[in-house]
Amino acid sequence: MNKKILFPLAAAIAAFPAAAWANDPPSSLDDVGYIFTTLLFLIGGFLVFWMAAGFAMLEAGLVRSKNVTMQLTKNIALFSLAAIMYWLVGYNVMYPLGEMAFESMDAVDTSLINWTLYSLSEAEDGTVSVIGYLGAFGTAVLQPVGTTEVDLSYASDGSDFFFQLMFCATTASIVSGTLAERIKLWPFLIFVLVLTGLIYPIEASWQWGGGWLSAAGFSDFAGSTLVHAAGGFAALAGAIVLGPRLGKYKDGRVNPMPGSNMPLATLGTFILWLGWFGFNGGSQLAMGTINDVTDVSRIFANTNMAAAAGAVTCLILTQIMYGKSDLTMVLNGALAGLVSITAEPLAPSLFGSLLTGAVGGVIVVFTVPLLDKLKIDDVVGAIPVHLFAGIWGTLAVAFYTGGWGAQILGIAAIGGFVFVASLIIWFILKAIMGIRVGEEEEINGLDVTELGMEAYPDFTNR
């Protein structure tokens, strides 16, 4: 580069921090840490938000043409409802600020405990810790405009709320694809209200809110089980109650129902892949030191490696097993690799990440036909990708921590709670208002019957 250009450019870059902070310069390294961690949450948050577009495109591509508009409607509606419910109740249920200890049982001040359901554990030295099970109820509140009274050890309330909301919405997106092409719109959206307002925040609070699973030693860095397997369990419960699509399983055969647009499905997968860098990288929860920034870069590299390994594994396995590679399997293989590494994207080497993602790909290839044998109709393959690969990823954490018991306990507790709670809600909705469209409506397509779109001329497959 020409020196006449290089020197002014270098001077401008050097002067940028001073100009940017001219009105409110940071007074300490803590200030800088607060600023950069807040920035990490905001950047990570809007990357995870972009995953909502990925889910919408993936599902639109994998359903038949007569149901595309319905899937798009569900995706934008579920995200919007999640945003409102997480503000209304979910955020405080999930983060009741309950990680505290008292000097003795006599010193316990219950007015400081924000868990609505908790127990107290007394250690040998007499100190008492709060073990939480159900968080506080109330709306999320941001810091006042222009405040300087902040916790410099973390990030702004607004950035934290925004970042964590994206995880909540992701859980609901997982359910949408599994139940496509035969579920009514409004019962589905009512379920989303319960899932995002209560079910997800409760189980996530047990770990990320400093609850009893955290105390037991369970580890899930960015949510292989807390987000992905939880969404998978909710989807599995819905698929069981809802039943398969008409004609999917007939005369002992599995009848393929190809998606409407594979380029769209592929685009959706790449968008999800991109968003995952925010999902996992932002979960470092700090960017104020050299160590934190280096770890974020390590997370990015490991996340990418796992996705690539999952995709290549499915590409090779489907060629070996079926004589032809299968694009939908490859797409889901990449996603399974991403889900698998999400529970621990920091500790593994690149080779370890490759192995983790590859196992996720293997899981997809073998569990998709398993669900068909069980006549559980999962339109987009979300249960193999998010539930089974999520369980694998959470178990794989024990290779680095050695805590097999805690990992199994966490999977069982979260899975049992989410599955049973979801099953109950689905049965209630089925009894009160019905959750499935009629046979004629399903044949004609949900775009026509649920949304009033014009009918397509040919309903034989598309």
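Quick caveat, the model's predicted, so the values are computed rather than measured.

A few words on helix α7 (residues 224–242). In this model, α7 (19 residues) spans 25 Å end to end at C-alpha, consistent with the 27 Å of a helix rising 1.5 Å per residue. Of all 19 residues in α7, 18 are buried; the element is thus mostly enclosed. In the stretch just after α7, Gly243 is the one whose phi turns positive, near 85 degrees.

Looking at where Asn255 falls in the secondary structure, it is placed in the loop between β5 (253–254) and α8 (262–281). The residues touching Asn255, leaving out its near neighbours within four places in the chain, are Gly247, Lys248 and Lys250.

Here we come to the pattern of salt bridges. Within this structure, the stated rule accounts for four salt bridges. Note that Arg245 and Asp377 form a salt bridge whose closest N and O atoms lie 2.7 Å from each other. In this pair, Arg245 sits in the loop between α7 and β4 (249–250) while Asp377 sits in the loop between α11 (350–373) and α12 (382–396), placing the two residues 132 residues apart along the sequence. Like Arg245, the residue Asp377 is buried in the burial classification. One salt bridge connects Glu442 with Arg436, and the closest N-O pair in it is separated by 2.8 Å. Judged by its relative accessible area of 4%, Glu442 is buried.

On the surface, a cluster of nonpolar side chains totalling about 740 Å² of accessible area is made up of Val312, Leu315, Ile316, Ile320, Met321, Tyr322, Val362 and Phe366. Contributing elements (two or more residues each) for the nonpolar patch: α9 (290–322) and α11. Among the elements that line the nonpolar patch, the one with the most residues is α9, at six residues. For Met321, the position within the fold is in helix α9.

On to the nonpolar core. Counting 107 residues, the largest nonpolar core has Val175, Trp208 and Trp426 as its most contacted members. The contact partners of Val175, leaving out residues within four places of it in the chain, are Phe188, Phe191, Leu195, Gly231, Ala234, Ala235 and Trp426. With six residues, the next largest nonpolar core counts Ile113, Trp115, Val128 and Val130 among its residues.

A separate point is empty space enclosed by the protein. In the structure shown here, the tally under the stated rule is three cavities of 30 Å³ or more. Volume-wise, the largest cavity comes out at about 80 Å³. As for the largest cavity, its lining consists of 13 residues, and the residues nearest its centre are Phe55, Leu58, Val380, Ala382 and His386. For the lining of the largest cavity, the elements supplying multiple residues, two or more each, are α2 (29–62), α4 (157–178), α10 (327–342) and α12. For the lining of the largest cavity, the class distribution of residues is seven nonpolar, five polar and one charged. Estimated volume of the second largest cavity: approximately 50 Å³. Only α2 and α4 provide two or more residues apiece to the lining of the second largest cavity. Classifying every residue of the lining of the second largest cavity by side-chain character gives eight nonpolar, two polar and no charged.

Ordered by their spatial adjacency, three strands build an open sheet running β1-β3-β2, and the pairing between neighbours is antiparallel. Only two strands of the sheet have a single neighbouring strand rather than two, namely β1 (101–102) and β2 (117–122). Note that β2 and strand β3 (residues 128–134) share six bridges and pair antiparallel. Following the sheet pairing, Glu122 is matched in β3 by Val128.

Helix packing geometry: the angle between the two helix axes and the distance between the axes. For the pair α7 and α12, the least separation of the axes is 8 Å and the interaxial angle reads 140 degrees. Between α7 and α12, the angle falls in the class oblique. For the element pair α7 and α12, the recorded crossing hand is left-handed. Contacts between α7 and α12 pair Ser224, Thr225, His228, Ala229, Gly232, Phe233, Ala235 and Leu236 from the former with Ile383, His386, Leu387, Gly390, Ile391, Gly393 and Thr394 from the latter. Each residue belonging to the contact of α7 with α12 can be placed in one class, and the counts come to seven nonpolar, eight polar and no charged.

Before going further, it helps to examine the environment of Thr139. When you line up the elements, Thr139 lands in the loop between β3 and α4. We classify Thr139 as partly exposed; its relative accessible area is 35%. Residues Thr139 and Tyr91, 48 residues apart in the sequence, show an inter-C-alpha distance of 7.5 Å. Those residues within four positions of Thr139 in sequence are excluded, and the remaining contacts are Trp87, Leu88 and Asn92.

Running from amino to carboxyl end, α11 crosses α12 at an angle of 130 degrees, the nearest separation of the two axes being 9 Å. For the element pair α11 / α12, the angle class is oblique. The hand of the α11/α12 crossing is right-handed. Residues Thr356, Val359, Gly360, Ile363, Val364, Thr367, Val368 and Leu371 of α11 form the contact with α12, whose own contacting residues are Ile383, Pro384, Val385, Phe388, Ala389 and Trp392. Tallied by class, the residues present in the contact of α11 with α12 amount to eleven nonpolar, three polar and no charged.

Thresholds applied
Residues numbered from 1 in each chain as written. Predicted model: local features only at pLDDT ≥ 70, side-chain atom pairs only at ≥ 80, totals over all residues. Heavy atoms only, no water. Helix = DSSP H or I, 4+ residues; strand = E, 2+ residues; numbered from the N terminus. Expected span 1.5 Å × (residues − 1). Buried < 20%, exposed > 50% of the residue type's maximum accessible area, 1.4 Å probe, protein only. Contact = heavy atoms within 4.5 Å. Salt bridge = Lys/Arg side-chain N within 4 Å of Asp/Glu carboxyl O. Patch = residues over 30% accessible without salt bridge, like charges linked within 9 Å, V, L, I, M, F, W, Y side chains within 5 Å. Areas by Shrake-Rupley, 256 points an atom, 1.4 Å probe, with all protein chains shown as cover. Core = buried A, V, L, I, M, F, W, Y, C linked by side-chain atoms within 4.5 Å. 1 Å grid on protein atoms, 1.4 Å probe; cavity = no way out; pocket = protein on both sides within 12 Å on 5 of 7 lines; lining within 4 Å. Points joined across faces, edges and corners; volume = space filled by probe spheres on them. Nonpolar A, V, L, I, M, F, W, Y, C, P; charged D, E, K, R; others polar. Pairing = 2+ DSSP bridges. Axes fitted to C-alpha atoms, helices over the stretch in contact; angles between N-to-C directions. Parallel < 35°, antiparallel > 145°, perpendicular 65-115°, else oblique. Left-handed = near helix turned anticlockwise from the far one by under 90°.

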